[in-house]
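Survey of secondary and tertiary structure
Here's the letter readout for the chains.
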Amino acid sequence: MRTGPPKEQYTRDEARRVLGIRERQLCSWEQQGLVPHLEEFAFSDLIALTSIQKLRKNRVSPQKVRQAVGAIRKKLRGVENPFKELKIFSEGRNVAVVVDGQKMEAVSGQLLLNFDRESLAGLLAFPRARQGGAGADPGKAKREAEEWFEKGLELEEIGAPSEEIVDAYQKALEYDPASAGALVNLGTVHFHLKAWRDAERCYKQALEIDAGYALAHFNLGNLYDETGRRDLASTHYHAAVQANPSYADAYYNLALLCQSHGDLMEAVRHWKTYLKLDGSSTWAAIARRELEKLRRAAILPGGHPKSETAS
């Protein structure tokens, strides 16, 4: 068994292995704004991720976790990374947080232990939800959309039939037509079914909503690469790295694309950038192998593009 003090820094792959989580799950937490996107993790970052894991293990819904984080950031100004800066845990199916030694329900602000109200006034009192009749809950449709989006993710995780997954994402879009994430994931389901036109339509609609959505550009690049439209593939891979300069997988696919065109110098540049961003995964081993081939002036005989879905 490993002993001694924890490491000071962990790569992304090391952090996932330590915690036993998939890249897709980590990306989902980042996209939901629960934690920042990192390529290197301190031990305190791992502890923050462990807190999220415990909430999910205790069956606290993703929606409640997001609501709690949003409420904490809104009232406790200066708290950017709640899971790293505060103690957050489950209280039944709700999320609780400790502030100044006092435990409170994160969303409503209701204290769960006795406290000195005067000493915490202005710091802990979360605003109560406004009461009202018609139109009192304008966010209901968005919450419904989020629940169907999460359902789609769960169905993908368990390998449910494609029709069920498609239905979940389509319902999410019925409640929130501007859900770019649902469009991207719906597009990826169509992509795997080789329904190219449907996949292309979904990815393009996502980009109409968010022109800087790196994942939508990346997946559209994969679609064009798969269907032989290499110039368009290159355009969207470049758009992906322009939107997110740390998008390692897009550099990987750009390197393969350049090699297939015989643009070896450009391929070398992309491989080097990829290895700076992801130097320890199994994909990195392939990248080093191909880079070595290029250094020996050999032409790459083929490759295996990487693909992803939103979470």
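Structure: see above.
Below or above, wherever it landed, is the structure these notes cover. (Residues numbered from 1 in each chain as written. Predicted model: local features only at pLDDT ≥ 70, side-chain atom pairs only at ≥ 80, totals over all residues. Heavy atoms only, no water.)

1. What about helix α2 (residues 23-31)?
Note the threshold: The buried label applies to any residue whose accessible area, calculated with a 1.4 Å probe on protein chains only, is under 20% of its type's maximum; exposed applies above 50%, and partly exposed to all values in between. Each helix is a run of DSSP H or I of at least 4 residues and each strand a run of E of at least 2, with the numbering of both proceeding from the N terminus. Any two residues whose heavy atoms approach within 4.5 Å at even a single point are treated as in contact.
Those residues of α2 that fall on the buried side of the exposure criterion are L26, C27, S28, W29 and E30. Those residues of α2 that are buried are in contact with α1 (12-19), β2 (40-41) and α3 (43-57). Among the residues trailing α2, G33 stands out with phi positive, at a value near 80 degrees.

2. As for the pattern of salt bridges
For side chains bearing opposite charge, pairing can occur when the charged atoms are close. Let me state the cut-off plainly: The term salt bridge refers to a side-chain nitrogen of Lys or Arg lying within 4 Å of a carboxyl oxygen of Asp or Glu.
Inspection of every chain in the model, using the stated rule, returns 18 salt bridges. Across the pair K204 and E200 runs a salt bridge, and its minimum N-O distance is 3.2 Å. Taken as a pair, K204 and E200 lie in helix α10 (residues 196-209) at a separation of four residues, close to a single helical turn. The class for K204 is partly exposed, based on a relative accessible area of 40%. Its relative accessible area of 15% is what places E200 among the buried residues. Here E290 makes a salt bridge to K293, at a shortest N to O gap of 3.7 Å. Taken together, the residues span about one helical turn, with E290 and K293 both in helix α15 (residues 282-295) at a distance of three residues.

3. A look at the nonpolar core
Under the convention used in this document: What is meant by a nonpolar core is a set of buried Ala, Val, Leu, Ile, Met, Phe, Trp, Tyr and Cys residues, joined one to another through side-chain atoms within 4.5 Å.
Counting residues in each nonpolar core, the largest one holds 53 residues, and the members touching the most others are Y169, Y213, Y247, W271 and Y274. Looking at this core element by element, the count peaks at nine residues for helix α13 (residues 248-261). Residues in contact with W271, not counting those within four places in the same chain, are Y252, A255, L256, Q259, A287, E290, L291 and L294. Core analysis: the second largest hydrophobic core is formed by 26 residues, L19, A68, I88 and V95 among them.

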